[in-house]
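Observations on chain architecture
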Amino acid sequence: MNIARVIVDVPSQNTNRLFDYGIPEKFVNIVQPGMRVIVPFGPRKILGYVISLTDHSEFDKLKNIEDVLDITPTLTPELLQIGKWLSKQTLSFYVSCLQVMLPQVLKAKYRKELWRLTDEVLPEELTNIFAGRDIVNYQEFVNSELSYQQLRKYIDEGWVDVHYEVKSRETKKTTTMITPLLEPIELEEALIDLPKQATKQRTILEYFIEKQDPLPKKQLLSILNTSASSLKPLIKQGNIREYKLETMRDPYAHRDFERTLPFPLTEEQQVAIVPILHRLEEEKHEVFLLHGVTGSGKTEIYLQSIQRVLDKDQEAIMLVPEIALTPQMVERFKGRFGSKVAVLHSGLSAGEKYDEWRKIQRKEVQVVVGARSAIFAPFTNIGIIIIDEEHESSYKQEDRTRYHARDVAIERAKIHECPVVLGSATPALETYARAAKGNYQMLTLKKRMNNATMPSTELIDMRDELHQGNRSMFSRVLLDKLKDRINKGEQSVLFLNRRGYATFVMCRDCGHVKECPHCDIALTYHRIQERLKCHYCSYEEPMPNECPECESKTIRYFGTGTQKVEEALQELIPEARIIRMDVDTTSRKGAHERLLNDFGNKKADVLLGTQMIAKGLDFGNVTLVGVLAADALLNLPDFRASEKTFQLITQVSGRAGRQKLAGEVIIQTYTPDHYSIQLASEYNFEQFFKEEMNLRKAFNYPPYFFLTLFTISHPNQLKVQEVTQKIVYFMRKKLSEEADILGPTPSALTRINNRYRYQCMVKYKDEPEQRKLIQRILHYYEDEMKEENGLQITVDFQPYQLM
Ligand SMILES: Nc1ncnc2c1ncn2[C@@H]1O[C@H](COP(=O)(O)OP(=O)(O)OP(=O)(O)O)[C@@H](O)[C@H]1O
Ligand SMILES: [Zn+2]
Ligand SMILES: [Zn+2]
C-alpha cells in the first residue's frame, strides 16, 4: 500500500475526483485514510484528504505526498463514506462535504511566500524585495515593481521560488510544565554540586526534592519568586525537564452541575420508551417519531435512552436547535451525565469548539449535545441519535453544502445499526406523514407532566380593537392580564413574531392579505414599483390604495420591532420590569444566559423576545404568554407559512403553566379564523395536519411533491434573467411531463450585495435523471462561475428558505 488516493482542496468540477500520490518512505505506515496531507498539485502545494490506500495506479509517474498534517486521522472511515453520500445527495464537491464535517480550526489556510534559494548577491530588484530576509510574503512581491515575467525568469534561473505554506489555524491550548527528571536523592547530589551563589537554582532543586509532581512553569516561578533564566542551566544539566501539556478549554468549567437521577417514568412515558429500548437491545436501525405535547417529558425519555446506550459502552448524539441550546438544556444533560458530555454550539469560540470536538475524537466523552453540525461528531460506536424539535428549519444548512441534519442522522444510524428518535410537539409535515404511513414508528405523549393542563388560550381580534379605538399594539385584555400578573408576582412571556422580513401588506380594518391565485402564498410588496408580486411564479398586480375587501384605506406594510414594543409597553405599564431578548441584546457572549438567569431569578416581570424565547424554556412561575402578532409569519412568501405559524404558536404557548400554576395564552391576530391560528389555539395537531395536507396536495407541495430550488445571481440583471431562462427551458425540455417548472422569477430578496437574484423552482414526483441534468448545467457554466464576482448558481434539493 504505497499509493494514497486523495481528494484535493480545489472545489471545482474538474478536480472533484480522486488523485493518486506516492507515499514516500518516511510516511509509509503513517498515512491512513481520513488524514489531511499536503500534496503537489500543478505548480502549487495544497491540502488534501486521504480517502483510501492502494498499491497500484493507472498512472506510472506519481508525485509524492509532501507532508502529513495529522498523526491520527481527522475523519473516520464512516465519515468518509458519509462525505461521499452527502456529495451525491447535495451535488456539492466531495472536498466541501469533508470540510463541512470538521471544526473550523482544522480548515487550513494557505500562505504564499517567496523563498530565497541562494546566498549569492541577488539581482537588484530582488534585493529590494528581500531586504536582507530569506523569506518574504508573496504580497510584497505583488506590491513591488517586479513584473510576473521577471519573477518567472528569476524562478527559472534558480534565485527564488514561490512557496505555498499551509497554515493550519489549529490552536491547541498548551501549558508549559516543569517536572524533575531525577529521584530526590540524585537531586540532593546535584544540589551539592551547585555553586553557592546560584541561590535561585538551589531553591528550585530544593523544591523538587520536597515535591516530585510536575507543575506549570508559571506557578513554579511565582511560588519561588524566580525567573525562567534560572531554570535553563538545570534543564541543560538534565535535572529537570520542560514540556508542553495540552490543556482543554472547558467552557462549562466554571459551573457545577447538580447531579440528577432518572425520574420514575409515568405510564405514558413508559409506553413510549419501551420500543426505543427494545431497538437499542437488538442494535437495529429504526426511526421513531416521538410526538409529545409541550411539557410532556420528552427530554426525560431522551435522557433515559441515552443512559441505556452508555451502559452498553456506546455513544450518543443529541441534537437541539441552536436557539434552544440554552443553559437550561445543557444543565439537564450535564446534570445527568456529568463530564461524559461535550457541548457544541455557536456561542463557543473556534478554539473551544475544537476542544469539545477533540474530546469526542479522543473518546473522552460519550455524549455530544449540540446544534446542527454536531451530527458529524467523530464517534465510532454510535448507539442512538436523537433530534429534539425535529421540525426546526435550523437543522437545514443554508449555504455551500445544503444538508439536512435529519437526513444525515438517518444515514449514519443505518451504518451504525442504531435507532433515531425525532422528537417534537409539532413535527414537520413531512415527518408526520412518514410516521402516519408507517415508515417511522410513532410514539405519542398526550399528557403534560405533573397533571398540568395545557394553558387556556384566547384569540383576540385586533380588528375589533381598532374599531373600538385602541390603536396600540396591545389589546386591552392582554394589558389587563399583564398588570394582574405583576400584582400577583407571577411572570409573563411576550412573543413578537418577527423572523426574516415583513414583506406583505395587510388591511388593518379587515385583516385582508393579498395572495397569489396560483401558489397560495402571500404576495410580496415591492416598494419601488409599488407592485405586489408572487415570487414563486412571477404573477403580479399593482399595489391597491384601498382594501379590495372592505374599501378601507388602512391597507399598509406590516411590521414592528421589539424595541418599539418595549418602549410602548413601558409607557403603558411604567412599573413593569422588562427583559428584552433579541439579536441586539444577546449579541455579547454570555448575554443570552445572563438574561435568562435574571428572568429565572425573578428579576423581571416580563420577558419580551423573538423566536429565541419560543423554545425549551422551563420556568414554573410563567403563567401568561402573549403572542403579539400571530399574522407576521403567516404571510411570509413561503408555502410553509401556515405550518410555521402553527408550530410557533404551539411552542410559545407551551412556555406557560408548566408546573403548579395554571397558564393562560393570549394570541393577538387580524385573522382569528385562519385554520392554523384556530387549531394551534386548540392544540389540535391532527386536524391541522389534515387541513394542511389537503392544501399541499392541491398546490403540489411537499410532502406530495419534491422541490428543487435554483437560485441564480450575478451583478448584471440581464445576465441573471438570461441564465435562469435557459435553465428553465432546459429543465422543461428534459424532465418528464409530470414535473412543474416555475420561473424565472426574481427572488423575494431581489438584490443582495449588488447582485441580482432570480430563481426557478421544480416541483416533481420522481425524476431519476434530475441530478445528472443539473450536473450538466453546472458543468456548462463552470467557467463563468469561477470568475471573481461572477455567476453563481445554487441548487437546493430540500429548500426551506425560499427567499
Ligand atoms: N417522569 C417524570 N416524573 C416527574 N417529573 C418529570 C418526569 N419527566 C419529566 N419531568 C419534568 O417535567 C417537566 C417537563 O418535561 P420536559 O421539559 O422534558 O418536557 P418536554 O416534552 O421536553 O417539553 P418541551 O417540548 O416543552 O420542551 C420538566 O421539568 C421535567 O423535569
Ligand atoms: Zn380591508
Ligand atoms: Zn404564484
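Further up the page is the structure itself.
What counts and how
- Residues numbered from 1 in each chain as written.
- Chains lettered and ligands numbered in written order.
- Predicted model: local features only at pLDDT ≥ 70, side-chain atom pairs only at ≥ 80, totals over all residues.
- Heavy atoms only, no water.
- Helix = DSSP H or I, 4+ residues; strand = E, 2+ residues; numbered from the N terminus.
- Buried < 20%, exposed > 50% of the residue type's maximum accessible area, 1.4 Å probe, protein only.
- Contact = heavy atoms within 4.5 Å.
- Arc of directions from axis to C-beta.
- Near = heavy atom within 4 Å.
- Polar contact = N/O pair within 3.5 Å; in protein donor to acceptor, adjacent residues only side chain to side chain.
- Areas by Shrake-Rupley, 256 points an atom, 1.4 Å probe, with all protein chains shown as cover.
- Nonpolar A, V, L, I, M, F, W, Y, C, P; charged D, E, K, R; others polar.
- Core = buried A, V, L, I, M, F, W, Y, C linked by side-chain atoms within 4.5 Å.
- Patch = residues over 30% accessible without salt bridge, like charges linked within 9 Å, V, L, I, M, F, W, Y side chains within 5 Å.
- Salt bridge = Lys/Arg side-chain N within 4 Å of Asp/Glu carboxyl O.
- Lys, Arg positive; Asp, Glu negative; His and termini not counted.
- Charge placed at Lys NZ, Arg CZ, Asp CG, Glu CD.
- Phe/Tyr/Trp six-rings, centres within 6.5 Å; stacked < 30°, edge-to-face > 60°.
- Lys NZ or Arg CZ within 6 Å of the ring centre and 35° of its normal.
- Axes fitted to C-alpha atoms, helices over the stretch in contact; angles between N-to-C directions.
- Parallel < 35°, antiparallel > 145°, perpendicular 65-115°, else oblique.
- Left-handed = near helix turned anticlockwise from the far one by under 90°.
- Pairing = 2+ DSSP bridges.
- Expected span 1.5 Å × (residues − 1).

Let us now look at the overall build of the chain. Helix and strand counts for the chain come out as 26 helices and 33 strands. In terms of its C-alpha atoms, the chain occupies a principal-axis envelope of roughly 95 × 65 × 55 Å. When each of the 803 residues of the chain is scored for burial, the buried share is 56%. Of all intrachain contacts in the chain linking residues separated by at least 6 positions in sequence, the fraction that spans at least 24 positions is 74%.

Regarding helix 5 (residues 148–156), the residues found buried are Leu-151, Tyr-154 and Ile-155. For helix 5, the buried positions fall inside an angular range of 100° around the axis, keeping them on one side. The outward face of helix 5, more than 90 degrees from its buried face, is lined by the exposed residues Gln-149 and Asp-156.

Gln-269, Lys-298, Thr-299, Arg-332 and Arg-658 are the nearest of the 18 residues found near ligand 1. One nitrogen or oxygen atom from the side chain of Lys-298 is found 2.8 Å from an oxygen atom belonging to ligand 1. Surface burial for ligand 1 is 87%, taken as the share of its 630 Å² of free accessible area covered by protein chains. Among the elements that line the shell around ligand 1, the one with the most residues is helix 11 (residues 298–311), at three residues. Considered class by class, the residues forming the shell around ligand 1 number five nonpolar, seven polar and six charged.

Before going further, it helps to spend a moment on the nonpolar core. Within the largest apolar cluster, 90 residues are counted, with the highest numbers of intra-cluster contacts made by Leu-98, Ile-317, Ile-375, Phe-376 and Leu-607. Apart from residues no more than four positions distant in its own chain, Leu-607 is found in contact with Ser-492, Val-493, Leu-494, Ile-579, Met-581, Leu-596, Phe-599, Ile-613 and Leu-617. Residues Leu-303, Met-318, Val-369 and Leu-445 belong to the second largest nonpolar core, which totals 30 residues.

Moving on, we come to a negative patch on the surface. A cluster of acidic residues, Glu-183, Glu-186, Glu-188, Glu-189 and Asp-193, forms a negative patch at the surface. Examined against the element boundaries, Glu-183 turns out to sit in the loop between strand 9 (173–180) and helix 6 (184–193). Judged by relative accessible area, Glu-183 falls into the exposed class, the value being 51%.

Before going further, it helps to examine the packing of aromatic side chains. The geometry of an aromatic ring pair comes down to the distance between the two centres and the angle between the two planes. Scanning the model with the defined rule gives 15 aromatic pairs in all. The interplanar angle of 70° and the centroid separation of 4.8 Å between the aromatic rings of Tyr-432 and Phe-685 together place this pair among those described as edge-to-face. Pair noted here: Tyr-432 is in helix 15 (residues 429–437) and Phe-685 is in helix 23 (residues 685–698), with a separation of 253 residues, a long-range link. Residue Tyr-432 is classed as buried on the basis of its relative accessible area of 7%. Centroid distance Phe-685 to Phe-689: 6.4 Å. Interplanar angle 20°. Geometry classified as stacked. Taken as a pair, Phe-685 and Phe-689 lie in helix 23 at a separation of four residues, close to a single helical turn. Here Phe-685 and Phe-689 have matching classes, each one buried. Put simply, the rings of Tyr-432, Phe-646, Tyr-675, Phe-685, Phe-688 and Phe-689 touch in pairs and so form one group of aromatic residues. The lysine or arginine in question, Arg-640, covers the ring of Tyr-800, its NZ or CZ lying 4.0 Å from the ring centre. Just above the ring of Tyr-701 sits the side chain of Lys-763; from NZ or CZ to the centre is 4.2 Å.

One can describe the packing of helix 24 (residues 717–734) onto helix 25 (residues 770–780) by two numbers: an axis separation of 11 Å at closest approach and a directional angle of 150°. Judged by the inter-axis angle, helix 24 sits roughly antiparallel to helix 25. In the crossing of helix 24 with helix 25, the sense of the turn from one axis to the other is right-handed. On the side of helix 24, the interface is formed by Lys-726, Ile-727, Phe-730, Met-731 and Lys-734, while helix 25 contributes Gln-770, Leu-773, Ile-774, Arg-776, Ile-777 and Tyr-780.

Let's shift gears to the sheet that holds strand 23 (residues 531–533). Reading across from one edge, 22-23-24 is the order of the three strands in this open sheet, with antiparallel pairing throughout. Looking along the sheet, the strands with just one partner apiece sit at the ends: strand 22 (524–526) and strand 24 (540–542). Going from strand to strand, the sheet's axes swing by 25° on average, the running direction of each strand aside. Relative to strand 24, strand 23 is paired through three bridges, and the arrangement is antiparallel. Within strand 24, the residue paired with Leu-532 across the bridge is Glu-541.

All right, on to the pattern of salt bridges then. Counted according to the given criterion, the structure contains 38 salt bridges. Of the charged contacts, one joins Arg-279 and Glu-286 as a salt bridge, the two residues approaching to 2.7 Å between their closest N and O atoms. With relative accessibility at 17%, the residue Glu-286 sits in the buried group. Of the charged contacts, one joins Lys-396 and Glu-398 as a salt bridge, the two residues approaching to 3.8 Å between their closest N and O atoms. Linked by salt bridges that have partners in common, Lys-481, Asp-484, Arg-485, Lys-488, Glu-490 and Glu-664 make up one network.

It is worth spelling out the sheet that holds strand 19 (residues 456–461) at this point. If you trace the six strands from one edge of the open sheet to the other, you get 19-29-28-20-27-26, paired in parallel fashion. Since the sheet does not close on itself, it has two edges, and those belong to strand 19 and strand 26 (578–581), each with one partner. Mean inter-strand twist for the sheet, computed between neighbouring axes without regard to direction, equals 15°. One ladder, built from four bridges, connects strand 26 with strand 27 (residues 606–609); its direction is parallel.

For Gln-81, the position within the fold is in helix 1 (residues 77–90). Considered as a pair, Gln-81 and Glu-258 are 177 residues apart in the sequence and their alpha carbons are 40 Å apart.

Moving on, we come to the pairing of strand 3 (residues 36–41). Taking burial as the measure, the six residues of strand 3 include six buried ones, the bulk of the element. Alternating residues of strand 3 divide into Arg-36, Ile-38 and Pro-40 and Val-37, Val-39 and Phe-41, and every residue in both groups is buried. Pairing analysis gives six bridges linking strand 3 to strand 4 (residues 44–54), with the strands arranged antiparallel. Bridge pairing links Phe-41 to Arg-44 in strand 4.

A word on the side chain of Gln-647. Note on placement: Gln-647 falls in helix 21 (residues 641–653). Beyond its immediate sequence surroundings of up to four residues, Gln-647 is in contact with His-391, Thr-426, Pro-427 and Ala-428.

Bringing helix 24 into the picture now. For helix 24, built from 18 residues, the straight-helix expectation of 26 Å at 1.5 Å per residue is met to within 8% by its first-to-last C-alpha distance of 26 Å. Among the residues of helix 24, Lys-719, Val-720, Val-723, Thr-724, Ile-727, Val-728, Phe-730 and Met-731 are the ones counted as buried. Around the axis of helix 24, the buried residues are gathered within 165° of arc, so they sit on the same side. Of the residues in helix 24, the exposed ones pointing more than 90 degrees away from the buried face are Leu-718, Tyr-729 and Lys-733. For helix 24, the capping residue at the N-terminal end is Asn-716, with a side-chain oxygen 2.8 Å from the backbone nitrogen of Leu-718.

Before going further, it helps to spend a moment on unusual backbone geometry. Cis rather than trans, the peptide bond between Pro-702 and Pro-703 has omega equal to 5°. Its location among the elements puts Pro-703 in the loop between helix 23 and strand 30 (706–714). Here the residue pair Gly-743 and Pro-744 is connected by a cis peptide bond, since its omega of 0° sits within 30 degrees of zero. Tracing the sequence through the fold places Pro-744 in strand 31 (residues 740–752).

On to the side chain of Glu-643, then. Along the chain, Glu-643 turns up in helix 21. Among the residues examined, Glu-643 registers a relative accessible area of 3% and is labelled buried. In contact with Glu-643, not counting residues within four places along its chain, are Pro-427, Ala-428, Leu-429, Phe-688 and Arg-696.

Attention now goes to the environment of Thr-671. In this fold, Thr-671 is placed in the loop between strand 29 (664–669) and helix 22 (675–681). Take Thr-671: its relative accessible area is 21%, and that puts it in the partly exposed class. Each C-alpha atom of the pair Thr-671 and Arg-776 lies 46 Å from the other, and the pair is 105 residues apart in sequence. Residues in contact with Thr-671, not counting those within four places in the same chain, are Gly-511, Asp-631, Leu-634 and Ile-677.

Read these as spatial facts, not as claims about activity.
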